[in-house]
Every structure is written in structure tokens, then in C-alpha cells.
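Here is how the chains run, residue by residue.
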Amino acid sequence: MAVRVRQRTDRPGWYVIIDHNAKRKKKAFPDKETAVRFARTIRERLAEGSFGLAQEKAEEKPFSAYFETWLKGYGPTRLKSSTQELYWSTYKCHLKPFFGDTDLTKITREQVKRFLYDKVALGLSRDHVRNLLSALHECLNHAVEDGHIPANPAARTSRVLYVRKEEKRARIVFLTLEEETRLLETCREHFPPWYPFVLTLLRLGARIGEACALQWGDFDLEARFVEVRRNYVDGRMTTPKNGSGRRIDVSRQLTETLKSFHIERKRQTLKH
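Residues numbered from 1 in each chain as written. Predicted model: local features only at pLDDT ≥ 70, side-chain atom pairs only at ≥ 80, totals over all residues. Heavy atoms only, no water.

**Q** Help me understand the layout of surface pockets, please; the structure alone is not making it clear to me.
**A** Take a probe with the size of a water molecule and roll it over the atoms, and the empty space left behind shows itself. Quantified by volume, the second largest pocket comes out at close to 380 Å³. As for the second largest pocket, its lining consists of 14 residues, and the residues nearest its centre are Phe197, Leu214, Trp216, Phe261 and Arg265. Breaking the lining of the second largest pocket down by element, the ones donating at least two residues are α7 (195–204), α8 (208–212) and α9 (252–271). Here the residues of the lining of the second largest pocket are counted per class, giving eleven nonpolar, two polar and one charged. (1 Å grid on protein atoms, 1.4 Å probe; cavity = no way out; pocket = protein on both sides within 12 Å on 5 of 7 lines; lining within 4 Å. Points joined across faces, edges and corners; volume = space filled by probe spheres on them. Helix = DSSP H or I, 4+ residues; strand = E, 2+ residues; numbered from the N terminus. Nonpolar A, V, L, I, M, F, W, Y, C, P; charged D, E, K, R; others polar.)

Laid out in C-alpha cells, this is it:
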């Protein structure tokens, strides 16, 4: 039997963590003083041989209600807007129809694996199914932290999505040198305003949202590098996918093209 007081990491507040009969229960408090006082009461009950908390009937927690409450609170403070939208879509289209109002304590590892197998059987790619698992795993992690379940049944289940080497698709070559040359020549001849942008995509290898978010201040054309600091997704400016920027070297061809393009843009600005 152990009674511990710990500060919460997901939001302001404190936990009293009670380990009893191979089960763990958490109770949240707004401040440390209240949590310490409650922990002292539990220890006194234990010393007297009466521990009423263990006999309390556990409150049922339907998965659907918990997921919605969790994402509405956690999402805006910790997740990018694109990730929030992905999690909501995952919940409405996949998680809710499968798990529904199942009590959190009744969700088993076997049930999670069956969910993954069913999605693969429906023809979803393994990468897509991993995204579904990511939302489920994150939600159940918080259910563990909140004391609703002793362990995360979705933990280490991604191994069921493992693909043997011989089953992996061959490496995809985006464009050959000949195709790239043809694309650039066609763009320069028929769509000249877009030529610098297409060349930027080809030479930097940046995501299209990152390329759309580039500004002249991100470039150092003398030192020939660019700082990728932003990403443009669904009409909103946000951070790059990994949450932090990166530096990319700029080729001489792209440097000269961008210098000419910058001068032309200034000329057009002055003209108008």
C-alpha cells in the first residue's frame, strides 16, 4: 500500500496516487495543501485498519464521453490545429463507431488489436492505421494519468502493423533527371511566374505548405541558405511538422533565380 502526492504535468493541480491490492487510483486536487491533507487522512485510515476509498464503487467512464472531454481540454492547449482536426476526424469516423460507450476499464489490449486488424482488412494503409492508433494511444495515456485505468491497453500494439521487408513497396523515385528538366523548361516557357516556386520545391525538398509560407527574410542568398520556420496548412500559418524549424542549403541555380525574381518583384511594386 502506498500513498503519494505528485504535481500534475498536463495542467495545474496535484494528484494523490493510491496503490492498493495491485490497483492504482488517482484523485486530483487544485492545490498541494488540499492534496497533502487528503493523503494524510488516507494514511490515518490505513493505520486504523479502515480504508473506505478502496470500497468505493468505481464511476463508469464511457470512452466516447471521455475522449470528447479530453480532446476539448487538451487539444487547444497542447496540439496543433491540424492535429486536433485529425484526432476529431479519427474519433468520429473510426474510434467512436468501434469503441462507442464502452467503459474505459473494459477496453482490453485484445480489443485494440482487433480494431487495428479490422481497419487493415478494410483496405486502409498501415500508415493510416498508425495515425488512428496514435489518437487512441494518446487519449488512453491521459486516462491512466487521470486514474481511470491502471495501464494503457493500446501500448505497444503498433507491432501488429509491422510489414515484412519483402512486403514493402519499392522505393518511389519522384522524378527522373529528364522529367525534372522537362518540367522546368515547360514551366519557364508557359508559366513563367511559377518557375521560381517550382524550382524552389525541387531544390529544397520542402513540404508544399512550408514552401508557401516562405518569406524573403527567411533567405540568406549571400550565404546560400534558407530557414524553414513556418508551415501553411488549411488556410492557417503554423509551425513546421516537427514543431521546430530547420536550415536548408540553397543551390547556386536557385540562388540566382531567386535574386532575379526578387528584383523583378521590387520593379513591379514600384511600377504599381
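**Q** What am I meant to see in the sheet that holds strand β4 (residues 219–220) here?
**A** As a general point, the strands of a sheet are linked pairwise by backbone hydrogen bonds and lie either parallel or antiparallel. Spatially, three strands are ordered β4-β5-β8 in an open sheet, and the strand pairing comes out antiparallel. Strands with a single pairing partner mark the edges of an open sheet, and in this sheet they are β4 and β8 (246–249). Pairing geometry for strand β5 (residues 225–228) and β8, over four bridges, is antiparallel. Its bridge partner lying in β8, Phe225 is registered against Asp249. (Pairing = 2+ DSSP bridges.)

**Q** Sorry, what's going on with the nonpolar core here?
**A** Note on soluble globular proteins: their nonpolar side chains tend to be buried together. Residues Phe63, Phe67, Trp70, Leu95, Phe99, Leu104 and Leu136 are the most contacted members of the largest nonpolar core, which totals 29 residues. Counting only elements with at least two residues in this core, the list comes to α2 (63–78), α3 (81–99), α4 (109–121) and α5 (126–145). Ranked by residues supplied to this core, first place goes to α5 with eight residues. Residues within four places of Phe99 in sequence aside, it is in contact with Phe63, Ile107, Gln111, Val112, Phe115 and Leu136. Ranked by size, the runner-up nonpolar core spans 16 residues in total, among them Cys187, Val198, Ala206 and Leu258. (Core = buried A, V, L, I, M, F, W, Y, C linked by side-chain atoms within 4.5 Å. Buried < 20%, exposed > 50% of the residue type's maximum accessible area, 1.4 Å probe, protein only. Contact = heavy atoms within 4.5 Å.)

**Q** Help me understand the environment of Leu177 in this model?
**A** Within the secondary structure, Leu177 sits in helix α6 (residues 177–190). On the basis of relative accessible area, Leu177 is assigned to the exposed category, the value being 66%. C-alpha separation for the pair Leu177 and Thr108, spaced 69 residues apart in sequence, amounts to 51 Å.

**Q** How should unusual backbone geometry be read in this particular structure?
**A** With the exception of glycine, the majority of residues adopt a negative phi angle, and the majority of peptide bonds are in the trans configuration. Despite not being glycine, Arg156 has its phi angle at roughly 60 degrees, a positive value. Of note, Arg156 is situated in the loop between α5 and α6. The exposed category is assigned to Arg156, whose relative accessible area is 59%.

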